[in-house]
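For reference, the chains in residue letters:
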Protein chains: 2
Amino acid sequence: MRNYVLKGNICYSKSSKELCIVENGYVVCKDGRSAGVYETLPEIYEALPCYNYEDKIVIPGLVDLHVHAPQYSFRGLGMDLELIEWLNTHTFVEEAKYADLEYAKKAYDIFVEDLIDSATTRACIFGTIHTDATLLLMEKLENAGIVAYVGKVNMDRNSPQYLCEESAEKSAQDTQKWLVDSQRFQYVKPILTPRFTPSCTDELFERLSELQKKYHLPVQSHLSENLGEIDWVKELCQGTQFYGESYHQYGMFGNACPTIMAHCVHSGEAEIEMMRKQQVFVAHCPESNANLASGVAPVKTYLEKGMKVGLGTDIAAGSSLSLFRAMASAVQCSKLRWRLYDQSVAPLTVEEVFYLATKGGGEFFGKAGSFEEGYEFDAVVMDDTSIRHPQSLGAKERLERLIYLAEDHHIAAKFISGRVIFREK
Amino acid sequence: MRNYVLKGNICYSKSSKELCIVENGYVVCKDGRSAGVYETLPEIYEALPCYNYEDKIVIPGLVDLHVHAPQYSFRGLGMDLELIEWLNTHTFVEEAKYADLEYAKKAYDIFVEDLIDSATTRACIFGTIHTDATLLLMEKLENAGIVAYVGKVNMDRNSPQYLCEESAEKSAQDTQKWLVDSQRFQYVKPILTPRFTPSCTDELFERLSELQKKYHLPVQSHLSENLGEIDWVKELCQGTQFYGESYHQYGMFGNACPTIMAHCVHSGEAEIEMMRKQQVFVAHCPESNANLASGVAPVKTYLEKGMKVGLGTDIAAGSSLSLFRAMASAVQCSKLRWRLYDQSVAPLTVEEVFYLATKGGGEFFGKAGSFEEGYEFDAVVMDDTSIRHPQSLGAKERLERLIYLAEDHHIAAKFISGRVIFREK
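Calculation criteria
- Residues numbered from 1 in each chain as written.
- Chains lettered and ligands numbered in written order.
- Predicted model: local features only at pLDDT ≥ 70, side-chain atom pairs only at ≥ 80, totals over all residues.
- Heavy atoms only, no water.
- Helix = DSSP H or I, 4+ residues; strand = E, 2+ residues; numbered from the N terminus.
- Rg over C-alpha atoms; globule rule 2.2 N^0.38 Å.
- Buried < 20%, exposed > 50% of the residue type's maximum accessible area, 1.4 Å probe, protein only.
- Contact = heavy atoms within 4.5 Å.
- Areas by Shrake-Rupley, 256 points an atom, 1.4 Å probe, with all protein chains shown as cover.
- Expected span 1.5 Å × (residues − 1).
- Buried area = accessible area lost by both parts, 1.4 Å probe.
- Salt bridge = Lys/Arg side-chain N within 4 Å of Asp/Glu carboxyl O.
- Polar contact = N/O pair within 3.5 Å; in protein donor to acceptor, adjacent residues only side chain to side chain.
- Pairing = 2+ DSSP bridges.
- Axes fitted to C-alpha atoms, helices over the stretch in contact; angles between N-to-C directions.
- 1 Å grid on protein atoms, 1.4 Å probe; cavity = no way out; pocket = protein on both sides within 12 Å on 5 of 7 lines; lining within 4 Å.
- Points joined across faces, edges and corners; volume = space filled by probe spheres on them.
- Nonpolar A, V, L, I, M, F, W, Y, C, P; charged D, E, K, R; others polar.
- Least-squares fit on C-alpha atoms with pLDDT ≥ 70 in both.
- Parallel < 35°, antiparallel > 145°, perpendicular 65-115°, else oblique.
- Left-handed = near helix turned anticlockwise from the far one by under 90°.
- Phe/Tyr/Trp six-rings, centres within 6.5 Å; stacked < 30°, edge-to-face > 60°.
- Lys NZ or Arg CZ within 6 Å of the ring centre and 35° of its normal.

1. Quick notes on the overall build of chain A
For chain A, the helix and strand inventory stands at 13 helices and 17 strands. On C-alpha atoms alone, chain A measures out to a radius of gyration of 21 Å, which is about the 22 Å that the 2.2 N^0.38 rule sets for 425 residues. If one aligns the C-alpha atoms of chain A with their principal axes, the spans along those axes are about 60 × 50 × 40 Å. Across the 425 residues of chain A, 67% fall into the buried class. Summarising the internal contacts of chain A: among those between residues at least 6 apart in sequence, 75% fall at separations of at least 24. As presented, chain A carries roughly 14500 Å² of accessible surface, and 46% of it is formed by carbon and sulfur atoms.

Structure (structure tokens):
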């Protein structure tokens, strides 16, 4: 049943500057899409069932543009290193365990169950190099009703032997098999996932590029996260002017190939301009970039240039699966960047980070992340009763406060593409 | 009944470098103080009642060195400004409401109830200029069993008329009356609280200095938080070399007058040296310093110099009352400071921030914040069962993860000076 009305304080973004709030309003779900937000319910919708959430806050589902499912097991742990050392010391060791399907089952059950409990309705997810474990993850997400792009990771160089695919050819064959097997899912789609340039040979990129064209696949990877990483890519790819070109030369950097690049903390002007022209999505992961001492991406600049930007939790370099925390972190990190580093880039506002976590990231999925008419009906109902206050507060203020203070237990209901994930808790 | 044993995974700091963990251990409470941590319970304690917390994590109660109780009502709101504008636009307007005891009662009930539910066992708290409301706050804390220093705030210049005391003399008289009235409390003690130099005349400082000597009071205030504030103090106090001297010239800067100075983000060498010599406690408030775009204090340097440092949530410039979040924030902000601003000051470690939130801040209360023998028995039991993981983890790792992910519902029990606040939830 995908036709109904939600009543409550409806909050959604039209743009990074325009946050719309209708207190005691209505948002209508028709065939899984929004039929608009109303102060008074139009007569034609009066016959629909109405879920009355009274004074609660109703927002679009949140979108996580960058999260590593296999790393969820060590969230909040081992963040004493910078990127490359962190990968070698903690990450690769853990990801290798997913060769064991029993371990993968246990770990992915936890990840998916916590994702259901969160405010996230859509996500772009890294798996591991293992096709079976990745299919298992996709199946669990599908059963949960979460909309996701999931990638089997490719890596055939500069990786520990226990987590290195034996050849570009074998990696491509496995990927092809995984692509075919993953066609059975309805809500969960495959996305090509070369880990990052240092871990993929030119031959592997060529093979993946062929698959990309054959299956019209989107791509996700990492870009310009850490200074040491950037130097390394410069050494590895001497024919390129900047890191982004290492993907672009294989046609895996936007436009015909929808692309998400995580981080973009240290992108130079030419790289930024190429991302803009190619409509590459930036997955901004502020907590991760603080935890690994990477820095802070100039997100305000990206927004001002009209670039595509969303938020990522980047589990496990980010510790929390909560996009509310990612929003707060994005504001806070942008302020420290402004104070400590570059006063020409203004801090992010509450309106902007709410946009990033909803419509900004949602755009990668088409019309998602807003309640404007025709958008996929993803909604989350927030019950903030336990965040008590002596004064009266408007819905805008309560939304702002949730960005800083929301925890999973404040989530009262969740809907994805009109499907009810849970209607009460 | 203040003699008993707690069984669980006992974690506590001996110093900023030494984190002690005894898995499946015992910590003994005798007459409200710790009688030590043991792997095997000594025979002499076998007759004591033992609360078996099994595989849970037992830590010393956390200490909040800087929090504004009246600002709790607008936590997570209005952080779009820097310090001085933020005070004028949001803070002073809210604090003025505490002239109304009915409002104060409603607001302080919420603050104290949430403080009880938190992992904080001791706090240094700012009230408002209002003596009655401040006494009401103290009474509520006393009834809750929380150990606290609470200050009636003094401000007689550069403040809006509705929140400005009419003269130094009247401010001192009110303070004296409040000091006498607050002698009835056992766990909650008064602390002199000139808001900060810009809001106190020389005459007011003189009067407060007399009260300080007469009653041997500790002092709390703000120092070198924001660049505009520091310039303002320079203008106001032309006889001083640096901000800290504006307190020191009245004998309210450490040593004979135990002092907490919040922030110390931009303290220069001479100020730092004076704080060190005077044993002034720095209340490091990382989330606040990010939210108001103040910057990041060089805490590692302070620790290396052997200075006294603890953590503050600084509600409402900080949004969360959780000292776990303050710990995570302290690590993250120190990493961004290192990356963006000054690579000569290393980031903080998990061991260091745990020390800051326990023994570091606890020292302001005497022997508090550790389980070493003779320390006041403040303990918090953390049930992290809901933070699930597929692999096995040691207590150290689970503690580290709690720093990033703990929420109030993980707190299973709380003890202060041996008194049971709650033994289960």
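2. Regarding helix α5 (residues 202–215) of chain A
Here α5 of chain A contains 14 residues, and its C-alpha end-to-end distance of 20 Å stays within 8% of the 20 Å for a straight helix at 1.5 Å per residue. Buried positions along α5 of chain A lie against β8 (153–154), α4 (168–181), β10 (193–194), β11 (219–223) and α7 (243–248) of chain A.

3. Points about the interface of chain B and chain A
Tallying the contact residues gives 51 residues for chain B and 51 residues for chain A. Interface of chain B and chain A: buried area, both sides summed, is about 4500 Å²; carbon and sulfur atoms make up 56% of it. Three residues stand out in chain B for area buried against chain A, namely L340, R388 and P390 of chain B, and they jointly supply 16% of the buried area on that side. Remark: the boundary between chain B and chain A carries six salt bridges. Between R388 of chain B and D114 of chain A there is a salt bridge, with its nearest N and O atoms 3.9 Å apart. Joining chain B to chain A, the criterion identifies 26 residue pairs in polar contact (both at pLDDT 80 or more). Mapped by element, the contributors of at least two residues to the side of chain B that touches chain A are α2 (101–117), α9 (286–291), α11 (323–340) and α13 (395–405) of chain B.

4. A closer look at the environment of W86 of chain A
Residue and element names in this part refer to chain A. Residue position: W86 is located in helix α1 (residues 83–96). Between the C-alpha atoms of W86 and L292, which are 206 residues apart in sequence, the distance is 8.0 Å. Once you skip the residues sitting within four places of it in the chain, W86 turns out to touch Q71, F74, G78, M79, L81, T91, L292, A316 and A317.

5. A word on the sheet that holds strand β14 (residues 308–311) of chain A
All names here are of chain A. Strand order across the open sheet formed by four strands is β11-β12-β13-β14, with parallel pairing between neighbours. Looking at strand neighbours, the two that pair on one side only are β11 and β14, the edges of this open sheet. Taken over all neighbouring pairs, the strand axes of this sheet differ in orientation by 30° on average, direction set aside. Summarising the sheet, β11 and strand β12 (residues 259–263) pair through five bridges and their orientation is parallel. Residue pairing across strands places H222 opposite A262, the latter belonging to β12. Running over the sheet, helix α12 (residues 350–362) touches β13 (281–284) and β14 and is turned about 110° from β14.

6. Points about the sheet that holds strand β5 (residues 62–68) of chain A
All names here are of chain A. Here we have four strands laid out as an open sheet, ordered β5-β6-β7-β9, and parallel in their pairing. With partners counted over all chains shown, the strands left at the sheet margins are β5 and β9 (188–190), one partner each. Here the strands of the sheet are splayed against their neighbours by 20° on average, with no regard to which way each runs. Pairing geometry for strand β6 (residues 120–126) and strand β7 (residues 147–151), over five bridges, is parallel. Looking at the pairing, R122 lines up with V147 of β7.

7. Comments concerning the environment of N255 of chain A
All names here are of chain A. Mapped onto the elements, N255 comes out in the loop between α7 and β12. For N255, a relative accessible area of 40% corresponds to the partly exposed category. Sequence-wise, N255 and K277 are 22 residues apart; in three dimensions their C-alpha atoms are separated by 8.2 Å. Apart from residues no more than four positions distant in its own chain, N255 is found in contact with K277, Q278 and Q279. Of note is the side chain of N255, whose polar atom sits 3.4 Å from the backbone oxygen of K277.

8. Considering the layout of surface pockets
Approximately 1000 Å³ is the volume attributed to the largest pocket. What lines the largest pocket is a set of 44 residues, and nearest its centre among them are E407, D408 and H409 of chain A together with E407 and H409 of chain B. Going through the elements one at a time, α2 (101–117) of chain A together with α2 and α11 of chain B are the ones with two or more residues in the lining of the largest pocket. Broken down by element, the lining of the largest pocket gets its largest block of residues, three residues, from α11 of chain B. Split by residue class, the lining of the largest pocket holds 16 nonpolar, 15 polar and 13 charged.

9. Considering the relation of the copies chain B and chain A
Under the fitted operation, chain B is carried onto chain A by 0.0 Å of movement along the axis and a turn of 180°, and the coordinates agree to an RMSD of 0.0 Å. Here the two chains are linked by the operation of a two-fold rotation axis. The residues that chain B uses at the interface reappear at the interface of chain A in 100% of cases, marking a shared surface.

10. Some remarks on the packing of α2 of chain A against helix α3 (residues 131–144) of chain A
Residues and elements named next belong to chain A. The interhelical angle for the contact between α2 and α3, taken along N-to-C directions, is 30°, at an axis separation of 10 Å. Taken together, the axes of α2 and α3 lie roughly parallel to each other. Considering how the two elements wind past one another, α2 and α3 form a crossing that is right-handed. On α3, the residues that touch L101, A104, K105, Y108, D109, F111, V112, L115 and I116 of α2 are D132, A133, L136, L137, K140, L141 and A144. Taken together, the residues of the contact of α2 with α3 sort by class into twelve nonpolar, no polar and four charged.

11. A word on the pairing of strand β3 (residues 33–38) of chain A
Residues and elements named next belong to chain A. Inspection of the sheet shows strand β2 (residues 19–30) paired to β3 by four bridges, in the antiparallel sense. Within the sheet, the bridge partner assigned to K30 lies in β3 and is R33. Linking β2 to β3, which pair antiparallel, is a turn of two residues; within it D31 sits at a positive phi near 50°.

12. Re the packing of aromatic side chains
Under the counting rule described, the total for this entry stands at 40 aromatic pairs over all chains. An angle of 35° between the planes, with centres 5.5 Å apart, marks the rings of Y4 of chain A and F415 of chain A as tilted. With a gap of 411 residues between them, Y4 of chain A in strand β1 (residues 4–13) and F415 of chain A in strand β16 (residues 411–416) connect regions that are remote in the sequence. A single burial state applies to Y4 of chain A and to F415 of chain A, both of which are buried. Summarising the aromatic geometry, the rings of F377 of chain B and F415 of chain B are spaced 6.4 Å apart at their centres and angled 75° between planes, so their arrangement reads as edge-to-face. A residue pair is termed long-range when its members are at least 10 positions apart, and F377 of chain B in the loop between α12 (350–362) and β15 (379–382) and F415 of chain B in strand β16 (residues 411–416) qualify at 38 residues. Exposure class is identical for F377 of chain B and F415 of chain B. Each is buried. The aromatic ring of Y187 of chain A is capped on one face by R419 of chain A, whose charged end is 3.6 Å from the ring centroid.

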